Amino acid sequence: MQQQYFVVQQKLHITRGSFHTIAASKSSSQSTSSHQTQRFLILCKLIINIAEVLFFPFVTSRQECQVQVGGFMWLDDLQAPTSQSFCIDRRADPANWEYRSLYRAHIARYKRKGSSVLGLDSRTQAVCWDDSAGQTKRGDQRPKRYFSLSVCQLLRCEALPLLPDALDSVSAAFIPLSSTQDKDAGLRACTAGLNPLGVYDSGTFLWLEGKGQQQVKDNVLQPPENSATLLKAKVEEFNRKLRENPTDIQTWLAFICFQDEMGAACGAFPDAQDSEAEARRLSVRALLERKVSILDRALESNPGSVDLKLKRLQLCQELWEPAMLLKEWKKLVFIHPNSAPLWKSYLLFAQSHFSTFSMSKVNAVYGKCLSTLSAVQDGSMVSHPPLPGTQEDMLDIFLLQCHFLRQVGHSEKAVSLFQALLDFTFFKPDSLKDLPTRQQVEFFEPFWDSGEPRVGERGARGWRAWMLQQERGGWVIPPEPEEEEDEDQDESEIKDKTQPKWKIWLDVEASREANHWLPWRPDGAKSQSQEDCEDPDRQVLFDDIGPSMIRVESAQLQLRLLMLCPPASSLLLDDSAFLDESFDPERPLTSYDLPVSGVSAVGHMKLLLTAPGGKTGLCKAGEEFLRTAALNLCWLQYEKLKVLRCVHHKNKKRLKFQGKSSKRMAKCLLKQQENRGSLALWREYGHVEWLLGNVEEARRVFDTALTLGVALGLHDHALCNLCLLYAQLEVELTCNGVAGSSGMVPTASRAVHILTTLAEGAIYTPFSGHVNPVTILKARKLYEQALSALPDISSAGASGKPENICGLFGCFGLFQYLTMGIEAADAVYVQARETLSSFPRSTEGSTSFTHHDSDVMSQCEALAVQHVTLLHHHGNTSVFPLSHLRLALTDALNHLPCSAPLWKLYLRAECRCHNRGRTRRFFHSVAKSNQSVIPRLFAVMAEQHWKQQLDLAHRLSLPAETLPTLPEMGLSNRIHALFEAAVATEHGTHCPLLWRMYMTVSNGYIERGRGIFYKALQAIPWVKGLYMDAVKLFPEHVQEFLDLLTEKELRLRVPLEEVDILLED
């Protein structure tokens, strides 16, 4: 047995030697990878261990007991020594793990003591003895960036708030810089000898004295719960409320909006790894499905809720197919035909859904909506009663339809729709007023098809006169008008044939858009018929306008119809002049007398990249139409606007011609018997004379108007507005150095004389050069009494004269500024703001706003503009802190975030300083608290203005003319980010002006610009100006854009084939 044992042992030694030999050959071979070598070594070692287990069990127990396991023995100590003694060493060899090899040549013969290396500078050089594998593994983890998940999670966590020392936060007027206890402790330490150098703090000093430091537990608040716990608590609160009251619609909607917060916070778990947090993040589709499931639960408890059904359809736009979505919309408006807000949402869907959009379909939906709501309002639809505010909503939808037709290029249909409703409203026969709307439309169709002159056309008499003459036996043929030569036919549409084809197309299309926006009708004097029309789209049939006829019975709504006051909607913002700077240094107080609405005029769909200038008004036929159809006041304001544009363009020849025409027209209006006492017309005429530079003539006009109506005093808002404009013009003239110096005393001011005479209500006498001081004191007392006698806001609204507040406060504010100073004027405007502060803020698209509220908010805006312009004027003429102006602007914009004139004044005030961080923070705060697109538009304008300044400074490359700020990079990226954030909002995604501006910013980057264009088509496919901008930016794809325009049935006046024919001619 012992002999067999030694034989086996010898064989094992031979096997181990062979193993080491094979391992050496494997490690020295370069053809085998390191992983294969390690696997081979492990396999060999496993085989040896198995062999030892199989062949060593026959060792006798006597010999096993003699051997000390894990140690060594002398041969003499063995009771039965053998020739081949052995021991069992079961301790692991650390060299195998340290060097990852069993080969003796791979194992070092020495052990390192210490970590130093000879020849290296210990101050600048070192060797790392750590494990290379672990170091490589840890090196793969790069440092976290600010956008990584863990850092975003840390930013979302709520920090531990620290309270200052025990201070009375209410009574303390300052925050102490240091604690006196620390100073006393240090002084005691120095005197006691424990801190001879004065370097120990109070805590160390107390420890040296053997005292413990006082624990301040009240200054640290309890750590708040983590975000996951807070979200869970909110979910439980929502569940409890909905379980107790499942019919609360607003709570259901709030719970649905809360899902966005949960989706944003998903993955914000402090103990989770990055991979787990990323796995927990919900996709957009999953979030939509969760919201839809919540809405399904809400509809089970509230099956008749229109708001929940509307919200469900809005969410399912990304989940359902277009056909299914359209079917559900039709089903919903069929179930609730009396809900005007639901119809507005359906119209917006039909108008903005690219896959199902076409001009004819959307126009038919508008007609069906108005005819259905008219039946509900008349009581013809017995199953559904009318809801409050249906008449106002119907007029808003009608005006939206007119602007929709204008934006798609069918201006003829828009004008015909306006003509038809004016005849249908103001010239309706008395015998038809009691009939339902549908029967009235049937009687109106013969008049429309009779070929008689309509509203705005020469010789128009109206529907009522036509019906009366038909009852008497026929129509009296009016005398034929004098035939006038058409100057447009003689002029060639192509001015320069050397230009590119796309440029010629744009010019001809814009020219026809401006000249042919009126509907074409056959001229009987020229023996024309409908077949003589070269463009069939210029003819408007009754089927195009008949379904949209509605009844407008309220006097306030009829005035809105005449003034064409558009509803507050971002769908109509398409005029770049809305953002242009309208400030005139020579007229600082009256520059904003005619605010721009942001809606393009009919026939003036200009491109955003075109230079300002060109025609100042409509074509000849258009001005004749406006003169016949519009109100006298609107026509005179239009003439004043043309004069003002000529003044801005500084074209003396055109200004002289336009001035004569406007003055002639104003005098003709004032000669009429019914207009002689109209102070509003006198005010506009005097302003026109002043703009033309005829100061003395303008003063005579104003004095004549004051002689007619000054006896009415402060109770007439038209008189207050006239006196305010007259006084502002005199103040501007005085400060410009024409009538004296800027430091003129109040008693020698013509403006003070005007405002004093207004307050007294006496007979007006021209200014003689001096104002009695007693008269000034008396006028101030009268102003104060008039303001104190103002009725309450609600009663002022009921009386229907809220506009009197603006003129009265404006006159008193300017009077106080001229007589006492800017502080007194500021107090007047603060009082005005407090008087009107009970009204809600102007939020775009708010359904709770009445038209009276919007009128009052417009008066608040006018007062705020007067206040800010007065402060701005005072800052330009004297030493005045800019912070006062900035405070007034921020307060006004927080209350009126949709006011374009205020935003223009704010940008003008902030352009003087270079603290862009403050401006950006204010824009962000206003945009975050308001859903309107206007603050976002002006935020983009501010960034573009700064970028233009930087580009100009870099182009000049002169140290003396550069900006006094460091060059700021990344403005282009910031502008793109602002655009992306704006178009992602509810009102910004359907704003034509915003998308067109966004597309023009990418000028030079063709692929990016085309991507923005196709993205805009998904939101505003009906805007023809978008296609025209795309042709100008990317002319190589003009045929592609025109094919899209034709496919969606937008108005194409000049096909490219016609351009080829014109070029050949």
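Below: a short report on this structure. Please read these numbers as outputs of a predicted model, since none were measured by experiment.

### Quick notes on the overall build of the protein chain
The helix and strand tally for the protein chain stands at 46 helices and 0 strands. Counting over 1065 residues, the protein chain shows a buried share of 42%. Residue pairs at least 24 apart in sequence account for 66% of intrachain contacts in the protein chain once pairs closer than 6 positions are excluded.

### Details of the pattern of salt bridges
Under the counting rule described, the total for this entry stands at 37 salt bridges. E244 is paired through a salt bridge with R240; the nearest N and O atoms lie 3.3 Å apart. Taken together, the residues E244 and R240, both in helix 9 (residues 227-244) and 4 residues apart, mark about one turn of the helix. Exposure remark for R240: the relative accessible area of 31% places this residue in the partly exposed category. Between E910 and R886 there is a salt bridge, with its nearest N and O atoms 2.7 Å apart. Note that E910 is positioned in helix 38 (residues 900-910) and R886 in helix 37 (residues 882-895), a separation of 24 residues in sequence. Like R886, E910 is buried.

### So, the packing of aromatic side chains
Per the counting criterion, the structure on display carries 28 aromatic pairs. Geometrically, the ring pair formed by F238 and F258 is tilted, given 5.4 Å between the ring centres and 40° between the ring planes. In this pair, F238 sits in helix 9 while F258 sits in helix 10 (residues 249-265), placing the two residues 20 residues apart along the sequence. Look at F238 and you get buried, because its relative accessible area is 17%. When its relative accessible area of 6% is taken as the criterion, F258 is described as buried. Ring centres of F1013 and F1041 lie 4.8 Å apart, and the angle between their planes is 65°; on these two criteria the pair is classed as edge-to-face. Placement of the pair is F1013 in helix 43 (residues 1006-1017) and F1041 in helix 45 (residues 1038-1047), with a sequence separation of 28 residues. Neither residue differs from the other here; F1013 and F1041 are each classed as buried. Among the aromatic residues, those joined into a ring-pair cluster are F424, F444, F447, W448, W463, W466 and F542. The ring of F424 is capped by K428, whose NZ or CZ atom sits 4.5 Å from the centre of that ring.

### Quick look at helix 18 (residues 411-426)
The first and last C-alpha atoms of helix 18 sit 23 Å apart over 16 residues, in line with the 22 Å expected at 1.5 Å per residue. The element helix 18 is extensively covered by neighbouring structure, given that 15 of its 16 residues are classed as buried.

### Describing the nonpolar core
Within the largest apolar cluster, 224 residues are counted, with the highest numbers of intra-cluster contacts made by F398, W505, Y783, L814, W903, F938 and F1013. Sort the elements by how many residues they give to this core and helix 30 (residues 717-735) lands first, with 11 residues. Judged by nonpolar contacts, the second largest core, of 8 residues, contains V643, C646, V647 and L692.

### What about the packing of helix 29 (residues 695-709) against helix 30?
Taken N-terminus to C-terminus, the directions of helix 29 and helix 30 make an angle of 155°; their axes are 11 Å apart at the nearest point. Compared by their axis directions, helix 29 and helix 30 come out roughly antiparallel. Every pair of crossing elements has a handedness; the one defined by helix 29 and helix 30 is left-handed. Packed against helix 29, whose contacting residues are V695, R699, F702, D703, A705, L706 and G709, the element helix 30 presents L719, L722, C723, L725, Y726, L729, E730 and L733 at the interface. For the contact of helix 29 with helix 30, the per-class residue count stands at 11 nonpolar, 1 polar and 3 charged.

### Observations concerning a negative patch on the surface
On the surface, a cluster of negative charge is contributed by E442, E445, D449 and D543. Checked against the element boundaries, D543 lands in helix 23 (residues 542-545).

### Digging into the environment of R285
Among the secondary structure elements, R285 is positioned in helix 12 (residues 284-301). For the pair formed by R285 and E318, sequence separation is 33 residues and the distance between their alpha carbons is 8.0 Å. Not counting chain neighbours up to four residues away, the residues in contact with R285 comprise E318 and L319.

### Points about helix 17 (residues 390-407)
Here helix 17 is 18 residues long and its end C-alpha atoms lie 25 Å apart, about the 26 Å a rise of 1.5 Å per residue gives. Immediately beyond the C-terminal end of helix 17, within one or two residues, lies G409, with a positive phi of roughly 100°.

### Description of the environment of Q658
Along the chain, Q658 turns up in helix 27 (residues 652-671). With residues near it in sequence (within four places) discarded, Q658 still touches E639, K642, V643 and C646.

### Description of the packing of helix 42 (residues 992-1001) against helix 43
Closest axis-to-axis distance for the helix 42/helix 43 pair is 8 Å, and the angle between their directions is 165°. Classified by the angle their axes make, helix 42 and helix 43 are roughly antiparallel. Here the hand of the crossing between helix 42 and helix 43 comes out left-handed. Contact with helix 42, carried on its side by W995, Y998 and M999, involves G1009, I1012, F1013, K1015 and A1016 of helix 43 and no other residues of that element.

### Things to note about unusual backbone geometry
Even without being glycine, K650 reaches a positive phi, approximately 60°. Secondary-structure assignment places K650 in the loop between helix 26 (632-649) and helix 27. Here K650 falls in the exposed class, since its relative accessible area comes to 73%. Of note in the backbone geometry, E1049 takes a positive phi value of approximately 65° without being a glycine. On the secondary structure map, E1049 appears in the loop between helix 45 and helix 46 (1056-1064).

Each value, and the rule that gives it
- Residues numbered from 1 in each chain as written.
- Predicted model: local features only at pLDDT ≥ 70, side-chain atom pairs only at ≥ 80, totals over all residues.
- Heavy atoms only, no water.
- Helix = DSSP H or I, 4+ residues; strand = E, 2+ residues; numbered from the N terminus.
- Buried < 20%, exposed > 50% of the residue type's maximum accessible area, 1.4 Å probe, protein only.
- Contact = heavy atoms within 4.5 Å.
- Salt bridge = Lys/Arg side-chain N within 4 Å of Asp/Glu carboxyl O.
- Phe/Tyr/Trp six-rings, centres within 6.5 Å; stacked < 30°, edge-to-face > 60°.
- Lys NZ or Arg CZ within 6 Å of the ring centre and 35° of its normal.
- Expected span 1.5 Å × (residues − 1).
- Core = buried A, V, L, I, M, F, W, Y, C linked by side-chain atoms within 4.5 Å.
- Axes fitted to C-alpha atoms, helices over the stretch in contact; angles between N-to-C directions.
- Parallel < 35°, antiparallel > 145°, perpendicular 65-115°, else oblique.
- Left-handed = near helix turned anticlockwise from the far one by under 90°.
- Nonpolar A, V, L, I, M, F, W, Y, C, P; charged D, E, K, R; others polar.
- Patch = residues over 30% accessible without salt bridge, like charges linked within 9 Å, V, L, I, M, F, W, Y side chains within 5 Å.
- Areas by Shrake-Rupley, 256 points an atom, 1.4 Å probe, with all protein chains shown as cover.
- Lys, Arg positive; Asp, Glu negative; His and termini not counted.
- Charge placed at Lys NZ, Arg CZ, Asp CG, Glu CD.

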